[in-house]
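# Remarks on the overall topology
Here is how the chains run, residue by residue.
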Amino acid sequence: MAQPQKPDFPGHDLGDQFRFWPKHNEKIYERLESKHAWLEEKQAAAQGDGEPPVTQKAEMDPLENEMILNIGPQHPATHGVLRCVVKLDGETIEKSVLDIGYLHRGIEKLAEHKTYQEFMPYTDRMDYLSPYSNNVAWCLAVEKLAGIEVPERAQWIRMIMSELARISSHCLWLGVGMMDAGAVSGFVWTFQEREEIYSIMDEVAGARFTVSHSRIGGVANDFSPRAIEMIRDFVDTFPDRIAGWEGLLNKNRIWIERNKGVGRITKEEALELGVTGPNLRGSGVPYDVRRFEPYLKYDEVDFTIPVREEGDCLARYFLRLDEMKQSVRIIEQCLDRMTEGPIRADDAKEAYPSKDEVYYSMEGMIHDFMYTDVGTVPPKGAHSYHAIESPKGELGFYLTSDGTGRPWRVRINAPSFTNLQAMEYMMEGSLVADTVVIIGSVDPVMGEADK
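To keep things clear, this report deals only with the structure shown in the data block. (Residues numbered from 1 in each chain as written. Predicted model: local features only at pLDDT ≥ 70, side-chain atom pairs only at ≥ 80, totals over all residues. Heavy atoms only, no water.)

## Some details on the overall build of the chain
A tally of helices and strands in the chain yields 19 helices and eight strands. Taken across its 451 residues, the chain has 52% of its residues classed as buried. Long-range pairs, those at least 24 residues apart, make up 70% of the contacts in the chain with a sequence separation of at least 6. (Helix = DSSP H or I, 4+ residues; strand = E, 2+ residues; numbered from the N terminus. Buried < 20%, exposed > 50% of the residue type's maximum accessible area, 1.4 Å probe, protein only. Contact = heavy atoms within 4.5 Å.)

Rendered as structure tokens:
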């Protein structure tokens, strides 16, 4: 009797259960080898100039050698479960292939089996560094699909909280970026400001991190006097914190040399590769969804779109600092212009009733049960796409309705996913030591990229 063949990888023989991994790895390495490399052109040009052949040159220089290196997915500097497979020529990255999907949860399919409101907490877990922005993007897409009008006060509240989420995300980006470059204490300083925003989120939404405060048709609850006071205190003091970080980094020789000229991408390359958000504006393209396709009340406030022309990691650093300053400016205008009024649509078929109605009237309780069971019901055949300018770039949801309380199709345009398309291009030609700086400057969140 023939003995069963042992598996060709360590561990127990579990039949065909884990056969995907060896095949997947094989395809990754095949793509790496077949990929066109900038270094091949450089070496071919050198041979044409009369220099010794590449093989002979490698024998002459003991430092000329090639190796394949895996960076991630279990690596703290990859900002999540991102795997970078690189082919090195000495310390220079000759070829690069990104392997994503380690955090794939089928979130688009999950959305098709939930009511529109039930899916709200799942959006918190996409770009989990700025969950409020995800909530707002989802609500706006559903409201556009169903034709729901949102009260003005709710729109101002959403704007304030979205800009706080932008600042929070950029604070973490800066702290982690400094830590990647060797300045460990910088992470603590930026996280102090993020903690202030957590406290505001807690006061407003009752949760610090995954807030789910935005609701279809409005928001869950209004600002308390204490919340407005906390927000005003934050926007009064935060510009001084930015000035302190600029004083530390803008003329710091180590920080400048670690970022200047690293991960550079031109305006044309950024457009061709589909880059979005701060990474696109850092290459000289002044595109911001808030200005070109205004939503909420962004067309009623005055702010500037920061743009840099250099396209390197240093340009993206300066740009995100400027974005935080503009967010403070927007929040101040929102606080001044926000008027009193309702915070959700006054229609039981479009939005949840208030807690006062639920607790003290039979109709309110019935409406609450009915909305939880059925939810918003857009017209059959309706479809819409709506995008916002999230901290990472253009975050959009495409929805199709079949006339029930659950979407027939959901597709997510995630900025972290689109920005990762350019990372292979940025890494090739860079030193392997610059990899962590490049990943940090692109600022991907794998929960959003893998969906």
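## Some points on a nonpolar patch on the surface
A cluster of nonpolar side chains, namely M362, M365, I366, F369, M370, V374 and V377, defines an oily patch on the protein surface of about 680 Å² accessible area. As for its placement among the helices and strands, M365 is situated in helix α16 (residues 362-373). Of the residues examined, M365 reaches a relative accessible area of 37% and is grouped as partly exposed. (Patch = residues over 30% accessible without salt bridge, like charges linked within 9 Å, V, L, I, M, F, W, Y side chains within 5 Å. Areas by Shrake-Rupley, 256 points an atom, 1.4 Å probe, with all protein chains shown as cover. Salt bridge = Lys/Arg side-chain N within 4 Å of Asp/Glu carboxyl O.)

## Observations regarding the pairing of strand β6 (residues 383-390)
For β6, a buried count of six out of eight residues is recorded, marking the element as mostly surrounded by other parts of the structure. Pairing geometry for β6 and strand β7 (residues 393-401), over eight bridges, is antiparallel. When the bridges of β7 are listed, E389 appears paired with E394. As consecutive antiparallel partners, β6 and β7 are separated by two residues. (Pairing = 2+ DSSP bridges.)

## What to know about the packing of aromatic side chains
All told, the structure shown has 16 aromatic pairs when counted by the stated rule. Here the aromatic rings of W138 and F397 are separated by 5.2 Å at their centres, their planes lie at 80 degrees, and the arrangement is edge-to-face. With a gap of 259 residues between them, W138 in helix α6 (residues 131-146) and F397 in strand β7 connect regions that are remote in the sequence. Residue classification places F397 among the buried positions, given a relative accessible area of 0%. Members of the aromatic cluster, joined through ring pairs, are Y116, F119, Y122, W138 and F397. When the ring centre of F417 is taken as origin, the NZ or CZ atom of K451, which lies over that ring, is 5.2 Å away. (Phe/Tyr/Trp six-rings, centres within 6.5 Å; stacked < 30°, edge-to-face > 60°. Lys NZ or Arg CZ within 6 Å of the ring centre and 35° of its normal.)

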